[in-house]
Amino acid sequence: MRAFEFPDVEEDEIGRLGDDLSALGERFEAALASVDDGDALDALRLTFLGRNGEITALRRSIGTLPAAERPEAGKTINEAVARLEAQLERASSALTNRELAAQLDVAIDVTFPAPPARTGSIHPLRRTLEDACDYFQRRGFAVVLGDEIETEYYNFDALNIPADHPAREGFDTFYLANGKLLRPHTSPTQIRTMQQHPPPIAIVNPGKAYRRDAVDARHSYMFSQIEGLLVAPGIHLGHLKGMLTGLCRELFGPNQAVRFRPSFFPFTEPSAEVDTTCPGCGGSGKRGDAGCKTCGGSGWIEIGGSGMVHPDVLRECNYDPERVSGWAFGLGVERIAMVRYDVDDLRVFFENDPAVLAQLA
Amino acid sequence: MKLPIAWLRDYVDISLSSDEIAERLALLGFPVDAIERRPKLSGIVAGRLVKVEKHPNADRLSICTVGVAAGKPLTIVTAATNVAEGQTVPVATIGAKLVNLDIAPRAMRGVDSEGMLVSADEIGLEGAWFEDGILQLEPTVPPGTDFVKAYRLDDDVLDVEVTSNRVDAMSVVGLARELAAALGSVVRGPDTEVALTQGASQATTPDTSVTLESADCRRFVAQRFSNLTVRPSPFSMRLRLALAGQRPIDNLVDISNFVMLEIGQPLHFYDFDKLAERRLVVRDARPGEKMTTLDGEERTLDPSFLVIADGERAQCIAGLRGARDSEVSASTRELLLEAASFSGPRIRRMSLALGVRTDASTRHEKTLPLALGSLGASRAAHLLQREGATVAMPFAVGAPIEPPAPIRVSAQDAHRLLGMLVTGDEIQLALTGLGFSLERDGETFVATPPEWRNDLRIREDVIEEIGRVAGYDRIASAIPPVFDQAVSSAAYDGERRIARALAGVGYREAVTFALQPASVRETYERAGIPLPGEVVEVTNPLSEDQRYLRFSLLPALLGLVRRYEGDMPYRGFEIGHIFFGAPDPLETAAVAWVCAIRKVPDEPAWRDDGFLAFKSDSLAFARMLAGTDAVTVATRHGEFHPGKTASLSIHDEDVATIGAIDPRLLAAYGIQSAAYAGVMRLADLPAYRVPRFAERSKYPPVERDLALVVAPEIAAMDIESAVRAGADGVVASVRVFDEYRGPQVEAGKKSIAVRILLQRRDATLTDAEADGYIAAISASLQERCGAVLRS
């Protein structure tokens, strides 16, 4: 019948609360010591600090205290709770650290083969062609495409190769029943562009061309060219050398040089063959003790033909050769790709073996 | 052409190595394809056969006493049968090095031999082209002469490429002149001095005439020679010819070949006694006219052939082949020389028609400069006279030799085109070296090209000559300015975008040949696949495999699928032109992409997951191209399965067609897998439109799945649009995600599951609102698709 007794409990009651709390603290610490995972820690928290936990029970007992003592008792409990929570927090972060440390303490075999990613690729011939076109586009050139079926006029006559000109023989051309032909070079596109646009004009015109060649390691009846054309006032062969040197550095590496050798093309005058430092041997002509097979030991590889556009060609396109001058060049894409990828049989490019395409991507 | 350096040195002094000469020629515009290295020889001297005796102990051997110098003669035993006293022969002395042979003292059947008499093989010459036995040297060669040095036997032979505009340089003298000009040295022209014995300079001499009946013979120089003795040529001439790849025959044939190789003018010799009426006429062949050529073949001619005939019949096909009738032979005592210039194109057409190409015709077909004929005749006259012939006055018919027109050129002109500075003095030196005659006024020149050149017409031609000799290596690199221009790169940029987008979705680009055999078309026809139009034929294919232009990109890609089916899945694409239609073929730039995957086992006929996977690739590709999503609509395409084909539509334009490859086509190609393809014309490539930003709703969506029963012909697209129509503006997304046909659904119907995401842009959707929208959607589905909700 406590309710009817009025003992002097002040010291005793507070003192008992303190005892209870310290006993609770001991039990808590003992329990905490055996906790070794997050779940056990959560259970411990519930047992002591949960809604139905021991602390809650003690707090309820405050109601039995005289009103004057209740703040003091509350404060005591709160301090105890803070201590417990701090301990829980420390234990929790220790546990987390232990778990993280455990995660760090493993190693996989990173060399284990990964499943293949799904990848596509553009063809090495296109890549080569694009690299060249990109170079010229960055320097203000437009890239123009054209049809592969052409007329004799655009293919020959306008390029200063009249019927019966011996140079026509160099273009062993496929003909169609209607008298048109499969272009043996991409130059007709240059004529068409010049006839549509007055100077200045700066274009590259890549594309496929056809000549009656048997297919072997170095020849194909279908091949790709990149041609370039710059016509404007004051243009000379030095500008061509500068651009082609830059192009070769883009395609083959920073130490490329370009050499012009005189040659003959009906549509240019003066004309020049274009050689660049052999990337296979860096121009030394030797690979190890043997001669370089890429250049045959000369240290140079021939990549195409070029020259100053013939005045007759300019006039045919209504350009005035007294007012403007310009150059044109034509490069063989397969040849360049062969050197870049170190392929010694160009048929590799037309086999389209997915494994090879993946290798060269 | 083969250029023996030994021969080159007859006209120019050069102290460069073979490689340096080759490099120099290349930089002058005459690339050297190969350097034929001559064997290293030593210890060979000229010897005179003082005495030739039979070997006492061997029937087949002779003992020769050979005078080689001032000292004691050598005793040399030889098995050769062509030795005789008085001959001058090459002698390999003890220690000499020959091809694969070092000479050491040797006893032969009891006689010590102090060396060896030399035959052609042993010094690296073609044995069959020379004496059967010991080489016979000119009797004028003093005994003891160093054979290798005197005949320059250690000089290599260059294989030089000469461009088609430089027929004058298809000769030893022509190339010597080029080198001399570049090296600043002097070229010695060939000796053409001759003592004439009769006749006058006119078109007709008393006993012969030449008549031109065709303008395709521009000029014809004729000259008579008599008192001929046919015999082997001197060794020095035979050696030069052999090194140049020309087999020595006898002094007459050799002289004609020698002059052609030396100065570039082909000659033809007629046995004068065998010419009917002892005259020549240049005319078109008569229809059906027959002529037996030197090679013994009877040729039937027609008027497209230009012939040189005597009073009765054709004796020579101009520039190509002589007739056996009038061929010079051992019995020839008198000959008539022809040094002509014909129309090059005519000769080339004849050469192609006859299937004959000779050293002479390759020169004639470039239209020889008129001046070369006279030069060739006078050089031949000199050489024939050296062989003892009596030389008549030459005469020429046809066009006179006109001096080339002078060309004005200045140092500034050269600089303007070449971009390199060349001084007036350099120009003078270069052009003089090449044979120009010059008038100079400061830095400006009036340059008259040499008469043996026919490729120099305009200022630019002369500038090239200046640049060549001065050296293109002096051209300094420069970067041109960027010019404003209106030319568009759109087509190229489009191809580039397509290639990159397809590569981005996992397809590998292929490049295949555009010419195909007839079998491609036949395969389509047999499989019942329609062709897009008339297949385009090449009239002059190299082989039947390359007779037709491709009418589609798919055959080649299907060939790759077939070939690489083991590497499944195969994903490839090609961008290229296709051709069809007659008489004027249509050329279309196109792209095709193909995916081949394993067939799904037991897949019901009404579904094709492979198609969906391929469609997914194609939509991703289209999205990359257009910046917006494409819509698929059922359509038809000849090469695709009629029930598994869709168009990809962007901004309401059909841009591409995708589908499962027609199974008949797969069967025809022997393809086991399931294969799908997309095709697009590059002209239909959609423009990329930059997508516009649409803010996502901040309010949570409500997701509802509906199960519907509909007629089988109701497409997913119909259902999706019915859903959107039912709750316009609230349907954030709608997606049909399952289809079922079978016993669980009433016959003739299919079951469709659709997932709908409802979302408001202005507030959170309540359940009650969502129910209302779903009811509206259900009504719309019922009304538009006849759909019944499954419980």
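Residues numbered from 1 in each chain as written. Chains lettered and ligands numbered in written order. Predicted model: local features only at pLDDT ≥ 70, side-chain atom pairs only at ≥ 80, totals over all residues.

### So, the overall build of chain A
Consideration 1: Helix and strand counts for chain A come out as 12 helices and 12 strands.
Consideration 2: Taken over the C-alpha trace, chain A has a radius of gyration of 43 Å; the compact-globule value for 361 residues is 21 Å, which it surpasses by more than 25%.
Consideration 3: Overall, chain A is about 140 × 50 × 45 Å in size when its C-alpha atoms are taken along their principal axes.
Consideration 4: Here chain A holds 361 residues, and 41% of them are scored as buried.
Consideration 5: Counting contacts in chain A only where the partners sit at least 6 residues apart, residues at least 24 apart contribute 65% of the total. (Helix = DSSP H or I, 4+ residues; strand = E, 2+ residues; numbered from the N terminus. Rg over C-alpha atoms; globule rule 2.2 N^0.38 Å. Buried ≥ 20, exposed ≤ 12 C-beta atoms within 10 Å, placed from the backbone. Contact = placed C-beta atoms within 7 Å.)

### A closer look at the domain arrangement of chain A
How big an interface is tends to be stated in terms of accessible area lost as the parts join.
Consideration 1: Assigned domains within chain A: domain 1 (2-104) and domain 2 (124-359).
Consideration 2: Just the C-alpha atoms count here: the centres of domain 1 of chain A and domain 2 of chain A sit 88 Å apart. (Domains from an automatic or database assignment.)

### Looking at the domain arrangement of chain B
Residue and element names in this part refer to chain B.
Consideration 1: Domains assigned within chain B are domain 1 (2-37 + 157-183), domain 2 (42-150), domain 3 (204-398), domain 4 (408-474), domain 5 (490-684) and domain 6 (702-789).
Consideration 2: Once you take the C-alpha centre of each, domain 1 and domain 3 turn out to be 27 Å apart.
Consideration 3: Contacts between the two partners involve 13 residues from domain 1, matched on the other side by 12 residues from domain 3.
Consideration 4: Looking at the side of domain 1 that touches domain 3, the elements that each hand over two or more residues are β1 (2-4), α1 (5-8) and α4 (172-183).

### Quick look at unusual backbone geometry
Consideration 1: The omega torsion of the bond from glutamate 269 of chain A to proline 270 of chain A falls at -5°, within 30 degrees of zero and hence cis.
Consideration 2: Along the chain, proline 270 of chain A turns up in strand β8 (residues 268-277).
Consideration 3: Along the chain, alanine 582 of chain B connects to proline 583 of chain B via a cis peptide bond; the corresponding omega equals -5°.
Consideration 4: Tracing the backbone shows proline 583 of chain B in the loop between β31 (570-580) and β32 (586-597).
Consideration 5: Despite not being glycine, asparagine 160 of chain A shows a phi value in the positive range, around 70°.
Consideration 6: If you trace the backbone, asparagine 160 of chain A turns up in the loop between α6 (152-155) and β3 (174-175).
Consideration 7: A positive phi angle is found at arginine 278 of chain B, which is not glycine, with a value near 50°.
Consideration 8: By the element assignment, arginine 278 of chain B lies in the loop between β15 (268-271) and β16 (280-284).

### Remarks on the sheet that holds β32 of chain B
Residues and elements named next belong to chain B.
Consideration 1: An order of β28-β31-β32-β36-β35-β34-β33 is seen for the 7 strands of this open sheet, with the pairing classed as mixed. The open sheet has two edge strands with one neighbour each: β28 (508-509) and β33 (631-634).
Consideration 2: Relative to strand β36 (residues 674-681), β32 is paired through 8 bridges, and the arrangement is antiparallel. Bridge pairing links cysteine 595 to tyrosine 676 in β36.
Consideration 3: The strands that helix α16 (residues 609-626) touches are β32, β33, β34 (640-650), β35 (653-661) and β36; relative to β34, the one it contacts most, it runs at about 25°. (Pairing = 2+ DSSP bridges. Axes fitted to C-alpha atoms, helices over the stretch in contact; angles between N-to-C directions.)

### Description of the packing of helix α5 (residues 235-243) of chain B against helix α6 (residues 251-263) of chain B
Residue and element names in this part refer to chain B.
Consideration 1: Between α5 and α6, the least distance of the axes is 10 Å, while the angle of their chain directions is 55°. Taken together, the axes of α5 and α6 are oblique relative to one another. For the pair α5 and α6, the sense of crossing is left-handed. For the pair α5 and α6, the contacting residues are Met237, Arg238, Arg240 and Leu241 in the first and Asp254, Asn257 and Phe258 in the second.
Consideration 2: Each residue belonging to the contact of α5 with α6 can be placed in one class, and the counts come to 3 nonpolar, 1 polar and 3 charged. (Parallel < 35°, antiparallel > 145°, perpendicular 65-115°, else oblique. Left-handed = near helix turned anticlockwise from the far one by under 90°. Nonpolar A, V, L, I, M, F, W, Y, C, P; charged D, E, K, R; others polar.)

### Quick notes on the interface of chain B and chain A
Consideration 1: Chain B puts 76 residues into the contact, and the matching count from chain A is 68 residues.
Consideration 2: Counting residues per element, the ones that place at least two in the side of chain B that touches chain A are α2 (18-27), α7 (344-354), α10 (411-418), α12 (459-470), α13 (490-504), β28 and β31 of chain B.
Consideration 3: Looking at the side of chain B that touches chain A element by element, the count peaks at 8 residues for α13 of chain B.

### A look at the nonpolar core
Consideration 1: Judged by nonpolar contacts, the single largest core of 157 residues is most densely connected at Ile466, Leu502, Leu557, Ala592 and Val594 of chain B.
Consideration 2: Looking at this core, the element that brings in the most residues is helix α8 (residues 237-252) of chain A, giving 7 residues. (Core = buried A, V, L, I, M, F, W, Y, C linked by C-beta atoms within 7 Å.)

### What about the sheet that holds strand β25 (residues 407-410) of chain B?
Residues and elements named next belong to chain B.
Consideration 1: Read from one edge to the other, the open sheet built from 3 strands follows the order β25-β27-β26, with strand pairing classed as antiparallel. With one partner strand each, in any of the chains shown, β25 and β26 (437-441) form the two edges of the open sheet. Each adjacent strand pair in this sheet contributes to an overall mean axis angle of 25°, direction not counted.
Consideration 2: The sheet contact formed by β25 and strand β27 (residues 444-448) spans 4 bridges and is antiparallel. Across the sheet, valine 409 pairs through a bridge with phenylalanine 445, a residue of β27.
Consideration 3: Those strands touched by helix α11 (residues 424-433) are β26 and β27, and its axis lies near 170° from that of β26.
Consideration 4: Contacting β25 and β27, α12 runs over the sheet at an angle of about 50° to β25.

### Some remarks on the environment of histidine 55 of chain B
Residues and elements named next belong to chain B.
Consideration 1: Examined against the element boundaries, histidine 55 turns out to sit in strand β3 (residues 42-55).
Consideration 2: Overall, histidine 55 belongs to the partly exposed group, with 17 C-beta atoms counted inside 10 Å.
Consideration 3: Taking the C-alpha atoms as reference points, histidine 55 and alanine 722, 667 residues apart in sequence, are found 118 Å from one another.
Consideration 4: Apart from residues lying up to four places away in sequence, histidine 55 is in contact with Leu61, Ser62, Ile63, Val77, Arg109 and Val111.

### Points about helix α4 (residues 70-104) of chain A
Consideration 1: The first and last C-alpha atoms of α4 of chain A sit 50 Å apart over 35 residues, in line with the 51 Å expected at 1.5 Å per residue.
Consideration 2: Those residues of α4 of chain A not exposed but buried are Ala73, Ile77, Ala80 and Leu84 of chain A. (Expected span 1.5 Å × (residues − 1).)

### Concerning the pairing of strand β5 (residues 201-210) of chain A
Residue and element names in this part refer to chain A.
Consideration 1: Along β5, 10 of the 10 residues are buried, which leaves the element largely enclosed by surrounding structure.
Consideration 2: Examined bridge by bridge, strand β1 (residues 142-143) and β5 share 2 bridges and lie parallel to one another. Each bridged residue has a counterpart across the sheet, and for alanine 142 the counterpart in β5 is isoleucine 203.
Consideration 3: Inspection of the sheet shows β5 paired to strand β6 (residues 222-232) by 10 bridges, in the antiparallel sense. Residue pairing across strands places glycine 207 opposite glutamine 225, the latter belonging to β6.

### So, α8 of chain A
Residues and elements named next belong to chain A.
Consideration 1: Under the 1.5 Å per step criterion, the end-to-end length of α8 is 22 Å for 16 residues, consistent within 8% with the ideal 22 Å.
Consideration 2: Residues of α8 that are buried include every one of Leu237, Gly238, His239, Leu240, Lys241, Met243, Leu244, Leu247, Cys248 and Leu251, and no others.
Consideration 3: Glycine 253 occupies a position one or two residues after α8 and carries a positive phi of about 140°.

### Remarks on the pairing of strand β5 (residues 74-78) of chain B
All names here are of chain B.
Consideration 1: In terms of residue burial, β5 counts as a mostly covered element, since 4 of its 5 residues are buried.
Consideration 2: Alignment of strand β4 (residues 58-67) against β5, held across 5 bridges, turns out to be antiparallel. Looking at the pairing, cysteine 64 lines up with isoleucine 76 of β5.
Consideration 3: In this structure, the hairpin formed by β4 and β5 is closed by a connection of 6 residues.

### A word on the confidence of the model for chain B
Consideration 1: Per-residue confidence for chain B gives a mean pLDDT of 94, with 99% of residues at or over 70.
Consideration 2: Low pLDDT (under 50) marks residues 199-204 of chain B, which in the prediction has 10 contacts with non-local residues, meaning those over four places away or in another chain. (pLDDT = per-residue confidence, 0-100.)

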